[in-house]
Amino acid sequence: MKRLLYYLFLLLFVVACSSDFEELPTFEIGQEFTDSNVRVISIDTFSVSLSTFKFDSIIVEGTDRLLVGRYEDESFGNVSASSYFELIPLTYRVEEEGVLDSVALILDYDTYFYNDTTAISEILVHRLLDDVEPEDEFYYNTSTIPFDPVPLATKSYRPEPFDEDSLHISLPLIFGQEIFRAIRDGDVDNDGELTDLFKGLTIQPNSTNNGAVIGFESDTEETFLRFFYKVEDEFGVEEFTYDLVVNPNQLSEKKFNNITTDFSNTLFEDLDDPETILASLDSDDRSFTQSGSGLAIRLQLPSIKELNNLEGTGTLLDAILELRVPSETLNTDLVVPDSLSVNLLDQNNDFQGQLFDGTEAVYGTLNDEDNEFNADFYEVPVRAYIDRKLAEPFEADDALAIFPTGFTSSVDRLIVNGENSENFNAKLILIYAIYDE
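Below you will find a few notes about this structure. (Residues numbered from 1 in each chain as written. Predicted model: local features only at pLDDT ≥ 70, side-chain atom pairs only at ≥ 80, totals over all residues. Heavy atoms only, no water.)

1. Considering the sheet that holds strand 13 (residues 224-233)
Judged by pairing direction, the sheet is antiparallel, and its five strands sit side by side in the order 5-14-13-6-10 without closing on themselves. Both outer strands of the open sheet, strand 5 (87-89) and strand 10 (167-171), are each paired with one neighbouring strand and no more. On average, each strand axis in the sheet is tilted by 35° relative to the strand beside it, whichever way the strands run. Bridge count between strand 6 (residues 99-107) and strand 13: seven bridges; the pairing is antiparallel. In the sheet register, L100 faces strand 13, and the bridge partner there is Y229. Sitting on the sheet, helix 2 (residues 173-184) is in contact with strand 6, strand 10, strand 13 and strand 14 (236-246), with an inclination near 110° to strand 6. (Pairing = 2+ DSSP bridges. Helix = DSSP H or I, 4+ residues; strand = E, 2+ residues; numbered from the N terminus. Axes fitted to C-alpha atoms, helices over the stretch in contact; angles between N-to-C directions. Contact = heavy atoms within 4.5 Å.)

Laid out in structure tokens, this is it:
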């Protein structure tokens, strides 16, 4: 049997596609392996149905990335990201004679960026007015916390996401003195007392920015609120620093990103609930997905059960969905994601979890090497999903949701051709073995 499978898989490299079941090629395996003839066929005629829908909201906590920035997208509207976080010290000890010199928010780049980093952007730092605590169980991309409308500081900068230096934002001395003195004098000596005094910070983009969304580290050793102070004694002046770090408590998330997209005057302005879908036929034969906003590609295979009508006993060896990226949508600033997450939806488009093939999670991968079509395309393995569809006792109106793997911690976006596009349409390719009796 192992030798039979070996030869079957060798045949996968030489079968030719056919547009008619009647003309499917036949390959026979010698009688020493089986008493039946075996045909390995490649089929690309099963229909594919692509559309776009939008999740109500997506959970955005649990990431080590702080996002901030804004840019304008011709297809997706105005994209904006901001971060909210609580800050605490690792120790409540400051030298008793310490005198504060200055205070600054230090943000360390994590190398993520999206859109034009050559444009000057502006960050606004605001003081939070409420605790970093979700009203429900989780933080969502739409979550916010009230903050002082008057910023503590603003910083105009040209992002350098691969720079070894951090972004340094000076804050008012009077703001720092309130916190520094309370800790130095022992009026605050635990996290509860500190958050009563100081809830945390939010970093917001200027509402007129049209540059990039930038990722910053939230690790305790990379991003912090730093107090620069000195101690003077008989031997001279000694300089010190004291840090408040983004709360690392893993049991209760104390940071999250708010990611919003203004879909006004776009194809998506009427996608106000997950059950509303935008068929690719109604959107210039294209489907769309965007991390952070909740837009996702929806896939159905309406005719797949016809596979059961093929004569003989059959086995599905492989199933690959090809999604092609329109060349005119490619942009050096708006790069396409390297991989796609493949997920199950129920009949209401409610998320049911990631698709697995055995114990392995299923991902779509980008093929951007030179090929006969001179076009970027994704190969999405969907055999596990088709096996589910073929085995179900009744017809279920479920689907797959396909979106970038950084769906909750980035603003990556993707446009793919629909099933009826004249220029490299979406296509399902099946490799099927039939054991004739």
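2. Focus on the side chain of E419
Checked against the element boundaries, E419 lands in the loop between strand 27 (413-417) and strand 28 (427-435). Although buried, E419 forms no salt bridge, and the nearest oppositely charged side chain, R298, lies 9.7 Å from it. At a separation of 3.3 Å, a polar atom in the side chain of E419 contacts the main-chain amide nitrogen of L50. One polar contact links E419 to S280, side chain to side chain, over a distance of 2.8 Å. Dropping the residues within four chain positions of it, E419 is found in contact with V48, S49, L50, S280, N425 and A426. (Buried < 20%, exposed > 50% of the residue type's maximum accessible area, 1.4 Å probe, protein only. Lys, Arg positive; Asp, Glu negative; His and termini not counted. Salt bridge = Lys/Arg side-chain N within 4 Å of Asp/Glu carboxyl O. Polar contact = N/O pair within 3.5 Å; in protein donor to acceptor, adjacent residues only side chain to side chain.)

3. Section: helix 4 (residues 383-391)
Restricting attention to buried positions, one finds in helix 4 the residues A384, Y385, I386 and K389. Where the residues of helix 4 are buried, they touch strand 19 (313-324), strand 20 (339-345), strand 22 (356-357), strand 26 (399-404) and strand 28.

4. Brief notes about the environment of D64
Tracing the backbone through its elements, the reader meets D64 in the loop between strand 2 (49-54) and strand 3 (65-73). Setting aside chain neighbours within four positions, we find D64 in contact with F216, E217, S218 and K255.

5. Focus on helix 2
Compared with an ideal rise of 1.5 Å per residue, which puts twelve residues at 16 Å, helix 2 spans 15 Å between its outermost C-alpha atoms and is within 8% of the ideal. Regarding helix 2, the residues found buried are F175, G176, I179, F180, A182 and I183. Along the axis of helix 2, the buried residues cluster in a sector spanning 165°; they form a single face. Trailing helix 2 by a residue or two, G186 shows a phi angle of about 80°, which is positive. (Expected span 1.5 Å × (residues − 1). Arc of directions from axis to C-beta.)

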